[in-house]
Amino acid sequence: MAKSYYEILGVSKTATEDELKSAFRKLARQYHPDLHPGDEAAANKFKEVNEAYETLSDAQKRAEYDAMQAGGAGAGHAGGGQRGGSFFDDFVNMFSDGHAGGGAKPQSSGGDISLNVTLTFEEAAFGTQKEITVNRFEPCAACRGTGAKNGTQYVKCTNCGGTGKVRYAQETPFGRVVSMKPCNVCGGSGRIIKEPCPSCSGRGSMRKNSNLRITFPPGVEPNQIMTIPGEGERTRSGAKAGNLILTITVLPHKLYRRKGLDLLVDIPVTFTQALMGDKVLVPALKGNKIAFTLPEGAQSGMTFKLKEQGLENPKKQIKGDLLVTIDIELPRNLTKEQRQKIKDLHDSLRPEQYDKARDYMKK
């Protein structure tokens, strides 16, 4: 019995958008082809996970999928076992030109392409557009993807009359059944190439570099995976192209760290600022400075939250916070006069003015 999309992602049927996203990212990192070069099983699992997430993350597709599952439309797929025997398949296919579901025989889609993309901290935070180069198969320009010289050096297949399909009859317990199958002479294309295209050797496609301009939205996270539909491998038959799957690496910032939409930064303050309190300027990610008040008697390691000064998610219209952690720095190379003044200050202070020292002595 094939697994449902929910089982593939390891989530319940009531999973939220965030739960789906979290499960997808975990599995995508686990089975990413770049981490398992040459491992066909991992590549197939990665594609399966991607297909499941692509359906369930879209509200309309998910509703249609749930309705199909509830109605038993997927019985041969997700419950109800496999249909046994070629006769039953042929009996079903006689109304569908050789495959279940009706219409023309589906062409296999192009393969997915996986690439790593590196963004700066600021590009990931605020969004950016980048031009990336994708090496993929494209329709041959010389033969317009036909595989035939000049795009015309082919003839209609006489076996199927150019339709790409042939009728065949089969005697069954229900009588004589006539159905359609792809032509075995032309492979379902409906034509026979007389002279192959010299540019692509009759393949109809050539590998080349294509430049794509990709938009990365604000708030992209490290190791996030983006799927660009239809920008993977092309097929000679003109069937649906594969997807471009991007794994994002975000370079570290010299000052800031990220935790979701929150920005974290450590700043040094002087011991006199900590003792007496002061207005402190924090360099913002966009280049300006943000002021906040350091209270009197601040302690090293304290963290102050500057609300809505972090990153923004325009889609959800929410902002993160800026979390500032202070590190109190003591002066060095004191003069004799400075030493005396600090000693006088020390002598004037009472033990109860030191909270941590007082608590320590009590213990």
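Going by the structure above, here's the rest.
Not measured: the values here are computed from a predicted model.

Asker: In this structure, what is going on with the pattern of salt bridges? I would like to understand it.
Answerer: Side-chain pairs of opposite charge can arise where the charged atoms are in close proximity. In total, this model carries 12 salt bridges according to the counting rule given. Taking the shortest distance from any N to any O, the salt bridge between Glu233 and Arg207 comes out at 3.3 Å. Taken together, the residues span a long stretch of sequence, with Glu233 in the loop between β8 (225–228) and β9 (244–250) and Arg207 in strand β7 (residues 205–216) at a distance of 26 residues. Using a relative accessible area of 13% as the deciding quantity, one classes Glu233 as buried. Put simply, Lys343 and Asp347 hold a salt bridge, and the shortest N to O gap is 3.2 Å. With Lys343 and Asp347 both in helix α9 (residues 336–348), this residue pair falls four residues apart, about one helical turn. In this structure Lys343 comes out as partly exposed when scored by relative accessible area, which is 47%. Taken together, the shared-partner salt bridges in this structure form one network comprising Arg136, Glu138 and Glu231.

Asker: Is there a simple way to think about the sheet that holds strand β1 (residues 113–119) in this case?
Answerer: To summarise the sheet geometry, strands pair through backbone hydrogen bonds and adopt either a parallel or an antiparallel arrangement. The sheet built from three strands is open, its strands ordered β1-β9-β8 with mixed pairing. The sheet is open, and its two borders are formed by β1 and β8, each paired with just one other strand. Taking each pair of neighbouring strands and ignoring which way they run, the sheet shows an average axis angle of 30°. With respect to the sheet, helix α3 (residues 40–56) is in contact with β1, β8 and β9, its orientation differing from that of β8 by roughly 75°.

Asker: Whenever I open this one, the state of the cysteines confuses me. Can you help?
Answerer: Put plainly, a disulfide is one covalent bond tying together the sulfur atoms of two cysteines. Counted according to the given criterion, the structure contains zero disulfides. Between Cys157, a free cysteine, and Cys160, which holds the nearest cysteine sulfur, the sulfur-to-sulfur gap is 3.7 Å. Looking at Cys157, the relative accessible area reads 1%, which means it is buried. Its sulfur unpaired, Cys197 is 3.8 Å from the next cysteine sulfur, which belongs to Cys200. Note on Cys197: relative accessible area 2%, which makes it buried.

Asker: Looking at this structure, how should I read the nonpolar core?
Answerer: Across soluble globular proteins, nonpolar side chains show a tendency to be buried alongside one another. In terms of nonpolar packing, the biggest core is built from 22 residues, with Tyr256, Ile267, Val282, Phe292, Leu294, Leu322 and Val324 touching the most fellow members. The set of elements that each furnish at least two residues to this core consists of α7 (121–126), β11 (262–270), β12 (278–283), β13 (289–294), β14 (303–306) and β17 (322–329). Among the elements that make up this core, the one with the highest residue count is β11 (four residues). Those residues within four positions of Val324 in sequence are excluded, and the remaining contacts are Val265, Ile267, Val282, Phe292, Met302, Thr303, Phe304 and Leu306. Formed by 19 residues, the second largest nonpolar core is a distinct cluster that contains Ile8, Tyr53, Tyr65 and Ile225.

About the thresholds
Residues numbered from 1 in each chain as written. Predicted model: local features only at pLDDT ≥ 70, side-chain atom pairs only at ≥ 80, totals over all residues. Heavy atoms only, no water. Salt bridge = Lys/Arg side-chain N within 4 Å of Asp/Glu carboxyl O. Helix = DSSP H or I, 4+ residues; strand = E, 2+ residues; numbered from the N terminus. Buried < 20%, exposed > 50% of the residue type's maximum accessible area, 1.4 Å probe, protein only. Pairing = 2+ DSSP bridges. Axes fitted to C-alpha atoms, helices over the stretch in contact; angles between N-to-C directions. Contact = heavy atoms within 4.5 Å. Disulfide = S-S within 2.5 Å. Core = buried A, V, L, I, M, F, W, Y, C linked by side-chain atoms within 4.5 Å.

Any link to function would need more than the numbers given here.
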